[in-house]
Amino acid sequence: MVGPAVKREAVAHLQAVMSLSERRACSIVGADRKMVRYQSRRPPETELRGRLRELANERRRFGYRRLFILLRREGERSGINRIYRLYREEGLAVRKRRSRRRAVGTRAPILVEVKANARWSLDFVHDQFACGRRFRVLNIVDEVTRECLAAIPDTSISGRRVARELTDLIARRGKPGMIVSDHGTEFTSNAILAWSKDHGVEWHYIAPGRPMQNGYVESFNGRMRDELLNESLFFGLDHARSAIAEWVEDFNTTRPHSSLGYQTPATFAEVLAATGNPVAQPAPQRVTETVEALIAAG
């Protein structure tokens, strides 16, 4: 128990409930008898309290300091300590607001035309060399054909580097209809904002904390980590670049993709460009089917 008011209440409780004398109750609580008998002579200050409540209701986000300034402007001569005491006694306080997540990305699903370069997805995946030094890989995936358009490893990749790689990729493959990414500093830099404006490419940012909205490249990152990064020991940047380039080539041209009816992304892109229609078949129902049956099914 701290504070005179609490000790007075404790002494009164012991006297009323246990029928103790004032002297005995004060010794138990550790209170001075003069303090217990003290009667405040402060004026009720009803008018000042009422005005303080009115200002607090009008200015709900103002604390006692700003309310003190408003009262001073009205001619109140009380000090800030007095205003703070009344502020506490009246139970006034500024309520803390709960943080709200800002959903910058579009909540409605984005319709994508079934053709190559309709939408690209970008994201980073991290790993480290045998010496312990970390590096990162910029992955660019076509969401329709599932092709890995680029996998660029380096120890540091800035927003300007991302813009240069996208420019080179557009020169080889053509301009995408949309690019999707998270809110990484490389993707929200001035270099990327200027690049998207100059090239006329719409850049869509997913909602914060919602990686599933960029699920295609997240799935690709998982495959890369499971099949390559966790299975390899890189001794340097050149080794990592050659190994990742070989794996990407195998991913695009050899590895069967389940969502494409176990076709390769390159084959799916070729048939899609020739026919203009998606040709992915349903995934096989039984895992025990022979290799010949899977190849015949596409």
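Use the structure listed above.
Heads up: these notes are all about the structure in this document. Each residue is numbered by its place in its chain's sequence as written, counting from 1. Per-residue local features of the predicted model are confined to residues with pLDDT of at least 70, and side-chain atom pairs are confined, for both listing and counting, to 80 or more; whole-chain, interface and lining totals are unaffected and use all residues. As a rule here, side-chain values cover all heavy atoms of the structure and leave hydrogens and water aside.

### Observations regarding the pattern of salt bridges
Throughout this description, the term salt bridge denotes a Lys or Arg side-chain nitrogen within 4 Å of a carboxyl oxygen of Asp or Glu. On inspection of all chains with the given rule, the structure shows 18 salt bridges. A salt bridge links R82 to E45; its shortest N-O distance comes to 2.1 Å. On the criterion of sequence distance, the pair formed by R82 in helix 6 (residues 80–89) and E45 in the loop between helix 3 (33–37) and helix 4 (46–58) is long-range, its members being 37 residues apart. Given the relative accessible area of 31%, R82 is considered partly exposed. Summary of the burial criterion: residues with accessible area below 20% of their type's maximum are buried, those above 50% are exposed, and those between are partly exposed, where the area comes from a 1.4 Å probe applied to protein chains only. Judged by relative accessible area, which is 12%, E45 ranks as buried. Only DSSP runs of H or I with at least four residues qualify as helices, and only runs of E with at least two residues qualify as strands; both kinds are numbered from the N terminus onward.

### Here we look at the side chain of D123
Residue placement: D123 occurs in strand 1 (residues 120–128). For the purpose of counting charges, residues Lys and Arg are taken to be positive, whereas Asp and Glu are taken to be negative. His and the chain ends are not included. Buried charge without a salt bridge: D123, with R136 as the nearest opposite-charge side chain at an N-O distance of 7.6 Å. Whenever a nitrogen or oxygen atom comes within 3.5 Å of another N or O atom, the pair is scored as a polar contact, on the condition that within protein one atom can donate a hydrogen and the other can accept it, and that pairs from neighbouring residues in sequence are kept only if both atoms are in side chains. Side-chain polar atoms of D123 contact the side chain of N221, separated by 3.2 Å. In this description, contact between two residues means that some pair of their heavy atoms is separated by no more than 4.5 Å. Once you skip the residues sitting within four places of it in the chain, D123 turns out to touch V137, L138, N139, D182, F187, V217, E218 and N221.

### What to know about the pairing of strand 4 (residues 178–181)
Side-chain positions along a regular strand alternate between the two faces of the sheet. The alternating pattern of strand 4 places M178 and V180 on one face and I179 and S181 on the opposite face, and all of these are buried. At least two bridges found by DSSP between two strands is the condition for calling them paired. When strand 1 meets strand 4, the two strands line up parallel, connected through two bridges. Paired with W120 across the strands is I179, a residue of strand 4. Bridge count between strand 4 and strand 5 (residues 202–205): four bridges; the pairing is parallel. The partner of I179 across the bridge, within strand 5, is W203. Here a crossover is taken to be right-handed if, once the strands point away from the viewer, the path from the first strand over the helix to the second is traced clockwise. Once you follow strand 4 into helix 8 (residues 190–199) and on to strand 5, the crossover reads as right-handed.

### Thoughts on unusual backbone geometry
Phi is positive for E45, close to 55°, though the residue is something other than glycine. Even without glycine at this site, R146 takes up a positive phi of about 65°. Within the element layout of this structure, R146 appears in the loop between strand 2 (134–142) and strand 3 (148–154).

### Observations concerning the packing of aromatic side chains
Centres within 6.5 Å make a pair out of two Phe, Tyr or Trp rings, where for Trp the six-membered ring is used; the pair is then stacked when the planes are under 30 degrees apart, edge-to-face when over 60, and tilted otherwise. Scanning all chains against the criterion turns up eleven aromatic pairs. A centroid spacing of 5.4 Å and a plane angle of 20° characterise the contact between F124 and F187, whose relative ring orientation is stacked. Taken as a pair, F124 in strand 1 and F187 in the loop between strand 4 and helix 8 lie far apart in primary sequence, 63 residues in all. Each member of the pair F124 and F187 is classed as buried. Ring-pair connections join several aromatic residues into one group, and the members of that group are F124, F187, W195, W203 and Y205. Charge-over-ring placement is defined geometrically: NZ (Lys) or CZ (Arg) within 6 Å of the ring centre, and within 35 degrees of the ring normal. The ring of F62 is capped by R66, whose NZ or CZ atom sits 5.6 Å from the centre of that ring. For R136, the ring lying beneath its charged end belongs to F124, and the centroid distance is 4.0 Å.

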